[in-house]
Amino acid sequence: MMNLFSMTKKELQDFLVAQGMKKFRADQIFHYIYKQSVFSWDDMVLLPQKDRDILKEVLPISMPEVVSRLDAPDGRTVKLLLRLEDGQTVETVLMMHDYGNSICVSSQVGCAVNCAFCASAKNGFVRNLSAGEMVTQLLAFRQHVTTDLHSIVIMGTGEPLLNYDNVIAFMKLIHEKDTFYLGYRNMTLSTSGIVPKMYQLAKEGMPITLAVSLHAPNDALRRRIMPITDKYPLDAVLTAAHHYFEETGRKVTFEYILIKNLTCTHACAKELARLFSGKNILINAIPINDNYDVGLYRPDDKSISEFVTYLQRHGVPVTLRREMGSKIQAACGQLRIKRENI
């Protein structure tokens, strides 16, 4: 059955005409959904009753149920656990930055990449999310938390490039003027390094930010925490990232998780400096949230400061991500795992 939230306005227009309805009704429906957060055909009173009765049968509206909501003590991070139509659950996080609100979107239920520091894959990969199921993550925050949205990051549960077609459709859909009208430059996609899809993404003509989950400066260490390295070695990932920059002109961000006694060491900082000194990239250093599910822990503040300072002194563009959500289990997969293990 068709999913209303996966439809572009043109697709909805064609669907309505095929049902014997007026094409302009699509404008009204999109206004109800994306401007007024109305998710019931019965409440779309500008539509004729006969049209609403038909649509309830042929195009039912299914918004996810909010199973759990966690708010950070500082009020700047909100995490929702959503139950989808088939009973599966997925997490999404709103982060309130000084520049505006950003939503972290999940692209899959579970994950097959199985990074050691992430709880997303603990119960295995279940399925891809549709474009519409990703859209409803944004709509859920609009309905329950805030209508203000500055940007999105596809960094939640799942590997976006292993759900390529649906993720591309999602970004194109929320870029439309009649939906969220979100600029591509306000979208970031994070990948563990699915090399063929990185090359394909560079051809899309969508100037989004590409964030590559690097997390280690060499194959040996990266393989310990990211098994995907066996399939896509570090050199291949870095070459694909450079190609993305050459094709799009968009600086690539390399995400680097700081794990106590593992990736946050002087030896790792030296190797990163060798790889990236003077390069037109950005290292985003991320202290891990203490994650007891996977047994990895945050370094102390002194170690973090020394690591970042070393990179800066050696000409590596680096930022330290402000920690948000550590008090509400905002790391990918933690809330879902906790719920499923109750």
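It should be emphasised that the depicted structure is a prediction, and the values quoted were computed from it without experimental measurement.

Peer 1: Explain the UniProt feature "binding site: S-adenosyl-L-methionine" (unreviewed entry) in the chain to me, please; I cannot follow it from the model alone.
Peer 2: Taking the numbering used here, the UniProt-annotated feature "binding site: S-adenosyl-L-methionine" (unreviewed entry) corresponds to Gly158, Glu159, Ser190, Ser213, Leu214, His215 and Asn289. Note that Ser190 resides in strand β8 (residues 187-191). Accessibility expressed as a relative area gives 11% for Ser190, which makes it buried. Topologically, Leu214 is positioned in the loop between β9 (209-213) and α7 (219-225). Residue classification places Leu214 among the buried positions, given a relative accessible area of 0%. Sequence-distant contacts of Leu214, that is, excluding residues within four places in its chain, are made with Arg222, Met226, Leu234, Leu238, Phe254, Glu255, Tyr256, Leu272 and Phe276.

Peer 1: I would appreciate a short explanation of the sheet that holds strand β3 (residues 89-97) in the present structure.
Peer 2: Hydrogen bonding along the main chain pairs the strands of a sheet, whether they run parallel or antiparallel. The strand order across the open sheet formed by ten strands is β1-β2-β3-β4-β7-β8-β9-β10-β11-β12, and the pairing between neighbours is mixed. Each having just a single partner strand, β1 (65-71) and β12 (318-320) make up the two edges of the open sheet. The sheet shows a mean angle of 20° between the axes of neighbouring strands, direction not considered. Bridge count between strand β4 (residues 100-104) and strand β7 (residues 151-154): three bridges; the pairing is parallel. If you follow Ser102 over to β7, its bridge partner there is Ser151.

Peer 1: Sorry, what's going on with the UniProt feature "active site" (unreviewed entry) in the chain here?
Peer 2: In the numbering used here, UniProt assigns the feature "active site" (unreviewed entry) to Glu91 and Cys332. Looking at the secondary structure, you find Glu91 in strand β3. Overall, the relative accessible area of 4% leaves Glu91 in the buried class. Side-chain polar atoms of Glu91 contact the side chain of Lys79, separated by 3.1 Å.

Conventions we followed
- Residues numbered from 1 in each chain as written.
- Predicted model: local features only at pLDDT ≥ 70, side-chain atom pairs only at ≥ 80, totals over all residues.
- Heavy atoms only, no water.
- UniProt positions renumbered as here; feature names shortened; annotations may be inferred.
- Helix = DSSP H or I, 4+ residues; strand = E, 2+ residues; numbered from the N terminus.
- Buried < 20%, exposed > 50% of the residue type's maximum accessible area, 1.4 Å probe, protein only.
- Contact = heavy atoms within 4.5 Å.
- Pairing = 2+ DSSP bridges.
- Axes fitted to C-alpha atoms, helices over the stretch in contact; angles between N-to-C directions.
- Polar contact = N/O pair within 3.5 Å; in protein donor to acceptor, adjacent residues only side chain to side chain.

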